[in-house]
Each structure stands twice: as C-alpha cells, then as structure tokens.
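Now for the letters of each chain:
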Amino acid sequence: MALEESTLYLVEHFFSIQGEGRYCGVPSVFLRFGGCNLRCPGFGCREVDGKMVYGCDTIRAVYGGLYRKSWHPVTKEQQIESIVAEYENSVTYRPDIVITGGEPMIYASNPVFNAMLEKFAAAGYRVTIETNATIAPSFLEHPFYGGVTFAMAVKLSGSGEPKNRRVVPEAIKALALKGRESFFKFTLDASLAENGGAEQIDEICTGYSNEIYCMPLGSDERELSANAPAVAEFCLKYGYRYSDRLHVRLWNREERR
Ligand code: SF4
C-alpha cells in the first residue's frame, strides 16, 4: 500500500557518477526526495539538535521533523524538469536520472511526482528509482512505471527493522516483475556476509530471475575496505554480483558528489 505524501519535497539535486549497482559509472542526475517509511535503527544512532536519531546514511532525507525546513516543496513537475535540463545543457549527451531518498516511493500516489516521471518517460530518459522495495505504485493506473528500473535495496536484518516492515513480498513482486529490468541491491557488513546473509537473500529472491548485487557496508573508505573482502568472498561463494561504492572510493564520502 502506498503511503501518500501530499507535498513533494526535494532535498537536493546533483550531477555525478552512479556509484552502485548495474549502472555503476554512468553519469547521472540525482534527485533526492525527502521522507521515508522506515528508520533502520541497526545502522546506529547519533544526536542532532539534542535528539537521538537513527544513523541511516541519509538522515537529512529521512527525518522530516528535523530537516523539513531545508527541503524544497515542489508544486509543479516543471520545476524538476528545468533542473534536469540545466544539467543536461552543460554536457553533450543525455544523462541517466536517478530518483533517490529517503524512500521516494512514499510519493507513489503524488500527482506531481507521477507527472514528473511520466514526462521523463515520454522524453526517453533512463530512470532508476532507488527504493527499499516496500511500496509499489499502481502500474495499471500509471503505466510509465513499467519503464522505470527499480534498484530494490530490500533491507536485511542488520537494518534493525522488524522483518514484516522491511520485507513486503507483494511490493517486491510488483517492482521485480513489472519494472524495467529491476534488480536487487543488498548491503552487508562482513559479519552478515559470513553469517546468515545468504539465507536472507535467498528467502527474498527465490522465484525471481532479477540480477542480485551485493555491496559492502561503508560510508567512508575505511569502513568500506573493512567489509569489502568478506562481501567479495560472499559473492564468489553464492554467485551474486559484487557492487562496490565507487563514490566512496573516488571521494571518500557517502554523497555521490
Ligand atoms: S530505508 Fe533507506 S533511507 Fe529509509 S531509513 Fe532505511 S536506510 Fe535510511
């Protein structure tokens, strides 16, 4: 079931190299939208303005209560189109568009969000939506979603979310089967790679032929390098595709800028 955000909030936009998954290395315009239906307490916590918040790597795109003042309300899809056009005008080719968050699919029923995607589809952009795969849009009502690639980052136990919140089989099924070449993208630390990660991935992915990418946890180079060898071994053992985090290697930070 789609959660409905009545106002579409853009947190930030930037032009960079896609650092993860199937389109790793592809120049892309990133549009980061605000809000998320999960919190992922397993990723640690930190204090912001006297409040403890969970440590997801994009907390400023998750916590509306703390950060909404810095988010930009979008009332017309043309606002986003002009952002993309400006980046595109500065190069000699058509970049990919990556929609990320937070969890952008909380806007699956938002008319401005859907008008934006419909325009991108009509213009022939390759669009990837990075999602936790807990919310599916109506493919019947909005057929342009069938041209979107969903990077399905289903959360594993390390996220600290209860299984019934992080694994929503009917949403996974719709995104995996109705999206355009959607793929799975899992994040593991060394401990999960060595203990239990394969069983969890197997349970989520059995029955689907979509590609499966596994990435080491790591918001900086030190953490990434610590987890990478175990995740590479894990991929070799189980036949998954290894995805690095190119932006962390290039710029030693989580943001792909
Ligand atoms: S689902 Fe993603 S964006 Fe949302 S809290 Fe978890 S890691 Fe952060």
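Before reading on, note that the structure itself is shown above.
Residues numbered from 1 in each chain as written. Predicted model: local features only at pLDDT ≥ 70, side-chain atom pairs only at ≥ 80, totals over all residues. Heavy atoms only, no water.

Q: Which parts of the structure should I look at to understand the packing of aromatic side chains?
A: To describe a pair of aromatic rings, one takes the distance between the centres and the angle between the planes. Inspection of the entire model under this criterion finds 17 aromatic pairs. Plain terms: the ring middles of Tyr-145 and Phe-150 are 6.4 Å apart, the flat faces sit at 20° to each other, and that makes the pair stacked. Take Tyr-145 and Phe-150: they sit in the same class, and that class is buried. Ring centres of Phe-234 and Tyr-240 lie 5.5 Å apart, and the angle between their planes is 40°; this geometry places the pair in the tilted category. (Phe/Tyr/Trp six-rings, centres within 6.5 Å; stacked < 30°, edge-to-face > 60°. Buried < 20%, exposed > 50% of the residue type's maximum accessible area, 1.4 Å probe, protein only.)

Q: Please clarify how the pattern of salt bridges should be interpreted in this entry.
A: Pairs can form between side chains of opposite charge whenever their charged atoms are close. Following the criterion strictly, the structure yields 15 salt bridges and no others. A salt bridge links Arg-241 to Glu-211, with the nearest nitrogen and oxygen atoms 3.5 Å apart. Residue Arg-241 is located in strand E11 (residues 241-242), and its partner Glu-211 is located in the loop between helix H7 (197-205) and strand E10 (212-216); the two are separated by 30 residues in the primary sequence. The exposure class assigned to Glu-211 is partly exposed, which follows from its relative accessible area of 24%. (Salt bridge = Lys/Arg side-chain N within 4 Å of Asp/Glu carboxyl O. Helix = DSSP H or I, 4+ residues; strand = E, 2+ residues; numbered from the N terminus.)

Q: For this particular structure, what's the right way to read the sheet that holds E11?
A: Strands in a sheet are paired, the pairing made by backbone hydrogen bonds, and the direction either parallel or antiparallel. If you walk across this open sheet you meet the nine strands as E5-E1-E2-E6-E7-E8-E9-E10-E11, and the pairing is mixed. Sheet topology places strand E5 (72-74) and E11 at the edges, where each strand pairs with a single neighbour. Summarising the sheet, strand E9 (residues 183-188) and E10 pair through five bridges and their orientation is parallel. Counterpart to Thr-187 in the pairing with E10 is Met-215. Helix H8 (residues 221-238) contacts E9, E10 and E11 of the sheet and is inclined by roughly 150° relative to E10. (Pairing = 2+ DSSP bridges. Contact = heavy atoms within 4.5 Å. Axes fitted to C-alpha atoms, helices over the stretch in contact; angles between N-to-C directions.)

Everything listed here is a matter of geometry and, on its own, says nothing about what the molecule does.
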